[in-house]
Amino acid sequence: MSDKTIFKKIIDKEIPAQVVYEDELCLAFRDVAPQAPTHVLVIPKTTELKSLDDVTPQTEALIGHIFGVIQRLARELGLAEDGYRVVSNCGENACQTVPHLHFHLLGGRGFAWPPG
Ligand code: 5GP
């Protein structure tokens, strides 16, 4: 039986996703249950990082790369002018449901603060 997460299956093209960006290090695709008019998930291709809590000095360059991708996507998707939110739910209290590091890029509407 496969112990791949749903995101690893998307990386391996075993299940479909609306991919908006891909390179050798990361993948960005539209969330299946969008919480905003634009809701994209940006994930590293490595399965070594289950959450932000697993980031180490050795993986900081990867995280920096991902944030560069997020910034470019926000611009390309037309979110930069009005603003956008980037979220990474880490662990149970934050309601993380998929144990593969991911960043939510949300835009196209206003957001409240503090978050729920
Ligand atoms: P988390 O709750 O872990 O921060 O975020 C996981 C996200 O993955 C959720 O927003 C959820 O809608 C999304 N998601 C779960 N399964 C799938 C799927 O099969 N395809 C896509 N595109 N997104 C998914």
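The structure presented is a predicted model; accordingly, all values stated were derived computationally and were not measured.

Draft legend 1. A look at the overall build of the protein. When helices and strands are tallied, the protein shows two helices and five strands. Along the protein, helices and strands appear, N-terminal first, in the series α-β-β-β-α-β-β. Rg of the C-alpha trace for the protein: 14 Å, near the compact-globule value of 13 Å for 116 residues, within the 12% margin. Principal axes of the C-alpha set define a box for the protein whose edges measure 40 × 30 × 30 Å. Residues classed as buried in the protein amount to 34% of the 116 residues present. Counting contacts in the protein only where the partners sit at least 6 residues apart, residues at least 24 apart contribute 53% of the total. Counting only carbon and sulfur atoms, one obtains 52% of the accessible surface of the protein, whose full area is about 7,100 Å². Taken as two groups, the 11 positive and 15 negative side-chain charges of the protein have centres that lie 4 Å from each other.

Draft legend 2. The pairing of strand β2 (residues 26–30), seen in detail. In terms of burial, β2 is largely enclosed, as four of its five residues are buried. The pairing of strand β1 (residues 19–22) with β2 spans three bridges and is antiparallel. Paired with E22 across the strands is L27, a residue of β2. Between β1 and β2, which pair antiparallel one after the other, the connecting turn spans three residues.

Draft legend 3. How the structure looks around the side chain of D23. Relative to the helices and strands, D23 resides in the loop between β1 and β2. Put simply, D23 is tucked away with no salt bridge, and the nearest opposite charge, on R72, sits 5.3 Å away. Here the side chain of D23 touches Y21 through a polar contact of 2.8 Å, side chain to side chain. Of the polar contacts made by the side chain of D23, one reaches the side chain of H65; its length is 2.7 Å. Setting aside residues no more than four positions away along its own chain, D23 makes contact with K45, H65 and V69.

Draft legend 4. Here's a closer look at the layout of surface pockets. The calculated volume of the largest pocket comes to roughly 790 Å³. Along the walls of the largest pocket sit 33 residues, with D31, Q35, H39, L41 and H104 positioned nearest its centre. Only α1 (6–11), β2, β3 (38–44), β4 (84–87) and β5 (103–107) provide two or more residues apiece to the lining of the largest pocket. Among the elements that make up the lining of the largest pocket, the one with the highest residue count is α1 (three residues).

Criteria and cut-off values
- Per chain, the residues get numbers from 1 upward, laid out in the order the sequence is written.
- Totals for whole chains, interfaces and linings use all residues, but because this is a predicted model, local features are given only for residues with pLDDT of at least 70 and pairs of side-chain atoms are given and counted only at 80 or more.
- Where side-chain values are given, they derive from all heavy atoms of the structure, hydrogens and water being excluded.
- Elements are defined by DSSP. Helices are runs of H or I of four residues or more, strands are runs of E of two residues or more, and each kind is numbered from the N terminus.
- For the radius of gyration, the atoms used are the C-alpha atoms, and the globule rule reads 2.2 Å times the number of residues raised to 0.38.
- Burial status follows relative accessibility: with a 1.4 Å probe on protein chains alone, a residue under 20% of its type maximum counts as buried, one over 50% as exposed, and anything between as partly exposed.
- It only takes one pair of heavy atoms within 4.5 Å for two residues to be counted as in contact.
- Each accessible area is a Shrake-Rupley result for a 1.4 Å probe, and residues are judged covered by the shown protein chains and nothing else.
- We count Lys and Arg on the positive side and Asp and Glu on the negative side, and we leave His and both chain ends out.
- Every charge is mapped onto a representative atom, which is NZ of Lys, CZ of Arg, CG of Asp or CD of Glu.
- Think of it this way: DSSP has to see at least two bridges between two strands before they count as a pair.
- What counts as a salt bridge is simple: a side-chain nitrogen of Lys or Arg found within 4 Å of a carboxyl oxygen of Asp or Glu.
- Contacts described as polar in this section are N or O atom pairs within 3.5 Å, which, within protein, must combine one atom able to donate a hydrogen with one able to accept it, while residues neighboring in sequence count only if both atoms come from side chains.
- Buriedness of a pocket was judged along seven lines, with at least five required to meet protein on both sides within 12 Å; pockets are open sets of points on a 1 Å grid over the protein atoms alone, cavities are sets where a 1.4 Å probe fits but cannot get out, and lining residues have an atom within 4 Å of a point.
- Grid points are joined across faces, edges and corners, and a volume is the space filled by probe spheres set on the points.

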